[in-house]
Amino acid sequence: EDEEDDEGIADRLSSGDAWLFPVAGSVALFGMYAIMKFFGKEWINWLLAWYFSIAGVGSVWKSAASLMRFAVGEERWKKFDRNRVLVLKGPRELLSVSFRTPTIGLLPLALIPSVLFNTSETSRRSAFITDILALSFSYNAICLLKIDSFKTGCILLSGLFFYDIYWVFGTDVMLTVATSLDVPIKLLWPKSLIFASERGYTLLGLGDIVIPGTFVALALRYDYARGDGKGEFRKPYFYATLAAYFAGLVTTMTVMHVFGKAQPALLYLSPACILTYFGVGIIRGELGEGWKWID
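Residues numbered from 1 in each chain as written. Predicted model: local features only at pLDDT ≥ 70, side-chain atom pairs only at ≥ 80, totals over all residues. Heavy atoms only, no water.

So, the overall build of the protein
The line we're drawing: Only DSSP runs of H or I with at least four residues qualify as helices, and only runs of E with at least two residues qualify as strands; both kinds are numbered from the N terminus onward. The buried label goes to any residue with under 20% of its type's maximum accessible area, the exposed label to any with over 50%, and the partly exposed label to all in between, with areas taken from a 1.4 Å probe on protein chains only. Should any heavy atoms of two residues lie within 4.5 Å, those residues are counted as being in contact. Using a 1.4 Å probe, the Shrake-Rupley method yields the accessible areas, and only the shown protein chains count as cover for residues. The charge count treats Lys and Arg as positive and Asp and Glu as negative. His and the chain ends do not count. For charged residues, the charge sits on one atom: NZ in Lys, CZ in Arg, CG in Asp, CD in Glu.
Scanning the protein from terminus to terminus reveals twelve helices and six strands. Expressed along its principal axes, the backbone C-alpha trace of the protein runs to roughly 50 × 50 × 45 Å. Looking at the protein residue by residue over its 295 residues, the buried ones come to 42%. For the protein, contacts bridging at least 24 residues in sequence account for 68% of all contacts bridging at least 6. Carbon and sulfur atoms provide 66% of the accessible area of the protein, an area that totals close to 16,600 Å². Counting 28 positive and 28 negative side-chain charges, the protein places the averaged centre of each group 2 Å from the other.

Digging into the packing of aromatic side chains
Each aromatic ring pair is specified by the distance between its two centres and by the angle formed by the two planes. This is how it is decided: Stacked, edge-to-face and tilted are the three classes for Phe, Tyr and Trp ring pairs, Trp counted by its six-membered ring, which pair at centre distances within 6.5 Å; planes under 30 degrees apart are stacked, over 60 edge-to-face, the rest tilted. Criterion for a charge above a ring: Lys NZ or Arg CZ within 6 Å of the ring centre, and within 35 degrees of the ring normal.
Applying the stated rule across the entire model yields 21 aromatic pairs. Put simply, the rings of F150, F215, Y222, Y237, Y277, F278, W291 and W293 touch in pairs and so form one group of aromatic residues. K235 extends its terminal NZ or CZ atom over the ring of F233, reaching a point 5.3 Å from the ring centre.

Considerations on the state of the cysteines
Where we set the bar: Disulfide: a pair of cysteine sulfur atoms within 2.5 Å of each other.
The full count for this structure, using the stated rule, is zero disulfides. For C273, which is in no disulfide, the shortest distance to another cysteine sulfur is to C154 and amounts to 9.7 Å. Residue classification places C273 among the buried positions, given a relative accessible area of 0%.

Focus on a nonpolar patch on the surface
Note the threshold: Patch members must show over 30% relative accessible area and no salt bridge, and they are joined within 9 Å when carrying like charges or within 5 Å when they are nonpolar side chains of Val, Leu, Ile, Met, Phe, Trp or Tyr. Criterion for a salt bridge: a side-chain nitrogen of Lys or Arg within 4 Å of a carboxyl oxygen of Asp or Glu.
Judged by side-chain polarity, F38, F39, W43, W46, L47, W50 and I54 come together as a nonpolar surface patch covering roughly 920 Å² of accessible area. Taken together, the elements giving at least two residues each to the nonpolar patch come down to helix 2 (15–39) and helix 3 (42–72). Note on placement: W43 falls in helix 3.

What to know about the environment of L242
Of note, L242 is situated in helix 10 (residues 236–259). Along the chain, L242 and A272 lie 30 residues apart, while their C-alpha atoms are 9.7 Å from each other.

Quick look at the side chain of D148
Filter applied, for reference: By the criterion applied in these results, polar contacts are pairs of N or O atoms within 3.5 Å in which, for protein atoms, one can donate a hydrogen and the other can accept it, and in which residues neighboring in sequence qualify only through two side-chain atoms.
Topologically, D148 is positioned in the loop between strand 4 (146–147) and helix 7 (150–170). Within the buried set, D148 has no salt-bridge partner at all; the shortest N-O distance to an opposite charge, 7.8 Å, is to R12. Polar contacts involving the side chain of D148 include one to the side chain of S149, which spans 3.2 Å. Not counting the four nearest positions on each side in its chain, D148 is found in contact with R12, L13, S14, S15, L218, W293, I294 and D295.

Focus: the packing of helix 2 against helix 7
Quick reminder of the rule: With axes taken as lines fitted to C-alpha atoms, and helix axes fitted only over the stretch in contact, angles between N-to-C directions fall between 0 and 180 degrees. When describing relative orientation, an angle under 35 degrees is termed roughly parallel and one over 145 degrees roughly antiparallel, while 65 to 115 degrees is termed roughly perpendicular and anything else oblique. Here is the rule for handedness: rotate from the far helix to the near one, and if that takes an anticlockwise turn smaller than a right angle the crossing is left-handed, while a clockwise turn gives right-handed. Polar here means any residue other than Ala, Val, Leu, Ile, Met, Phe, Trp, Tyr, Cys and Pro, which are nonpolar, and Asp, Glu, Lys and Arg, which are charged; Gly is therefore polar.
At their nearest, the axes of helix 2 and helix 7 sit 7 Å apart, and the two run at 20 degrees to each other. As far as their axial angle goes, helix 7 and helix 2 are roughly parallel. Here helix 2 and helix 7 pass one another in a crossing that is right-handed. Facing S15, A18, W19, F21, P22, G25, S26, L29 and F30 of helix 2, the residues of helix 7 in contact are T152, I155, L156, G159, L160, Y163 and W167. Class assignment of the residues belonging to the contact of helix 2 with helix 7 gives a composition of eleven nonpolar, five polar and no charged.

Focus: the nonpolar core
Heads up, the condition is: Definition of nonpolar core: a set of buried residues of the types Ala, Val, Leu, Ile, Met, Phe, Trp, Tyr and Cys, connected through side-chain atoms within 4.5 Å.
With 53 residues, the main nonpolar core has F150, L204 and F215 as its most contacted residues. Beyond its immediate stretch of four places on either side in the chain, F150 contacts F215, L218, A219, Y222, Y277, G290, W291 and W293.

Examining the side chain of S138
As for its placement among the helices and strands, S138 is situated in helix 6 (residues 127–144). Ignoring sequence-local partners within four residues, the contact set of S138 consists of L206, I209 and V210.

What about the confidence of the model for the protein?
For clarity, the cut-off: Each residue carries a pLDDT value, the predictor's own confidence for that position, ranging from 0 to 100.
Considering every residue of the protein, the mean pLDDT works out to 85; 91% of them sit at 70 or more. Across residues 193–199 the pLDDT falls below 50, and counting only partners more than four positions away or on other chains, this stretch makes nine contacts in the model.

Some words on the pattern of salt bridges
On inspection of all chains with the given rule, the structure shows seven salt bridges. K78 is the salt-bridge partner of E74, the closest N and O atoms lying 3.7 Å from each other. The class for E74 is partly exposed, based on a relative accessible area of 38%. A salt bridge links E286 to R284; the nearest nitrogen and oxygen atoms lie 3.2 Å apart. Residue class for R284 comes out partly exposed when judged on its relative accessible area of 30%. Each member of the salt-bridge network shares a partner with another, and the members are D223, R226, R284 and E286.

Examining the pairing of strand 2 (residues 82–89)
Here is the rule: Should DSSP find at least two bridges between two strands, the strands are regarded as paired.
Pairing between strand 2 and strand 3 (residues 92–100): eight bridges, direction antiparallel. Looking at strand 3, one finds that R82 is bridged to R100. Hairpin connection between strand 2 and strand 3: a loop of two residues separates the two successive antiparallel strands, and G90 in this loop has a positive phi of roughly 65 degrees.

Describing helix 3
For clarity, the cut-off: The span you would expect from a helix comes to 1.5 Å times its residue count less one. Fitting one axis to the seven residues ending at a residue and another to the seven starting there, the bend at that residue is the angle between the two axes.
Given a rise of 1.5 Å per residue, 31 residues ought to cover 45 Å, and the 44 Å separating the end C-alpha atoms of helix 3 matches this to within 8%. Along helix 3, the sharpest change in direction is near 30 degrees and occurs at G56.

Some words on the pairing of strand 5 (residues 186–190)
Of all the five residues making up strand 5, four are buried; the element is thus mostly covered by neighbouring parts of the structure. Sheet analysis places strand 5 next to strand 6 (residues 201–205), joined by five bridges and oriented antiparallel. Paired with L187 across the strands is L204, a residue of strand 6.

Now the structure itself:
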């Protein structure tokens, strides 16, 4: 039994849960906006900076361990000793952390991004450090958040499609929150060719990575299931939805730069992923079978 197998057992997001995402997201977003309007953004940035710095250590550590596992190969990785730390209260297990020996050496490295992020002045925080933390959060969120079917995925993407359009085009709420919070909940890259802040940065919220990412991950699991879960398998749905995601992202950035106005990324990403899944399913004659499939 491997620790990664233990962590992989997670509840799947059902279609009933998917309907609630836009509602819960709207409540959280507007709540954050109201807090900043009435109480200012300084103290909440301070509080969230500490929270994400602490969480970032574990997030970067787990991401680095996964990268090392991929680099050394599955067979060699499983030859390393497995260590387990348990926190018990009487007979009850409160916490269990399992890791292979090489990951111990990664812990000091995992501290660096969080320390640099939290000790830098707000105006001088490195976009590169912010992106390292944000990417690690995205990776771990995709690992944890799994949807149970393409039906659920389509409901989730469709609901957040309208959510994104309303909060970006209909109000100033999304843009105000995204630009006011100086925490690693977004990817930043410079508008200029040099990695500097003179011309500002383009933003991509983590939700625009994680939500479509769960759909792409579902496509990969479906491909695996179609291959009977044995050895090498073809990945038509995975490659198609992944390509659609990147095409939607390029479209988002292109429209944003052409019109010089912030764009709701899910306006382009949601249709790209959904329509690609339907297109591949129709072409392969497997649409009905895929729609009924439950992970």
